[in-house]
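# Chains, contacts and geometry: an overview
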Amino acid sequence: MFKKNTTSNSYEESPLAAGMNFDFEQVEPLLNRINSSVLDSGFSQSDINYIQSEIELMIHNEVKEIGTFNVVYNEKKTKIRIEAEVHSDENPPDVVLYMYSTQELVDLLDEAMMEHAEDLGV
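A brief structural summary. (Residues numbered from 1 in each chain as written. Predicted model: local features only at pLDDT ≥ 70, side-chain atom pairs only at ≥ 80, totals over all residues. Heavy atoms only, no water.)

## Section: the overall build of the protein chain
Per the secondary structure count, the protein chain includes 3 helices and 5 strands. For the protein chain, the N- to C-terminal ordering of α and β elements is β-β-α-α-β-β-β-α. Buried positions account for 46% of the 122 residues belonging to the protein chain. For the protein chain, the proportion of contacts with a sequence separation of at least 24, taken over those separated by at least 6, is 57%. Split by element, the accessible area of the protein chain, about 6,300 Å² in all, is 44% carbon and sulfur. (Helix = DSSP H or I, 4+ residues; strand = E, 2+ residues; numbered from the N terminus. Buried < 20%, exposed > 50% of the residue type's maximum accessible area, 1.4 Å probe, protein only. Contact = heavy atoms within 4.5 Å. Areas by Shrake-Rupley, 256 points an atom, 1.4 Å probe, with all protein chains shown as cover.)

Structure below.
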């Protein structure tokens, strides 16, 4: 779990991103954890499927912006921008998932990622 510096977007995105390296199979469980523990209204199953399919198309050492997703946090509409980086050419690959949003939400996303890693014994 780590934070990555970036330039902010117009919707007051934090200059930092929550990030975590994990196996591809953990993308959906992680996003579902974020939906249930952090967000009032989060990633739809269609969003999750799209994120997974975009990652599956990536090649070793590729970094790609997956997209910006509308969510509700603390009863306010906000956005989470997701970027992925593939670190292996194994099938399934190791993935680093970066999530950019407001500073407060990035901090909570980072906590959710750390809890997820602890549950996996990482």
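Don't stop here, the text continues.
## Some details on the pairing of strand β5 (residues 94-100)
A regular strand places its side chains so that they alternate between the two faces of the sheet. Counting buried positions over the 7 residues of β5 gives 6, a clear majority of the element. In this structure, strand β2 (residues 16-23) lies alongside β5, joined through 7 bridges in antiparallel fashion. Within β5, the position partnered with Ala17 by the bridge is Tyr100. Sheet topology note: the strand β4 (residues 76-86)/β5 ladder contains 6 bridges and is antiparallel. (Pairing = 2+ DSSP bridges.)

## Here's the deal with the packing of helix α1 (residues 27-37) against helix α3 (residues 103-120)
At a minimum axis distance of 10 Å, the contact between α1 and α3 shows a crossing angle of 125°. For the element pair α1 / α3, the angle class is oblique. Handedness of the crossing formed by α1 with α3: right-handed. Contacts between α1 and α3 involve Pro29, Leu30, Arg33, Ile34 and Ser37 on the former and, on the latter, Leu109, Ala112, Met113, Glu115, His116 and Asp119. When its residues are assigned to classes, the contact of α1 with α3 shows 6 nonpolar, 2 polar and 3 charged. (Axes fitted to C-alpha atoms, helices over the stretch in contact; angles between N-to-C directions. Parallel < 35°, antiparallel > 145°, perpendicular 65-115°, else oblique. Left-handed = near helix turned anticlockwise from the far one by under 90°. Nonpolar A, V, L, I, M, F, W, Y, C, P; charged D, E, K, R; others polar.)

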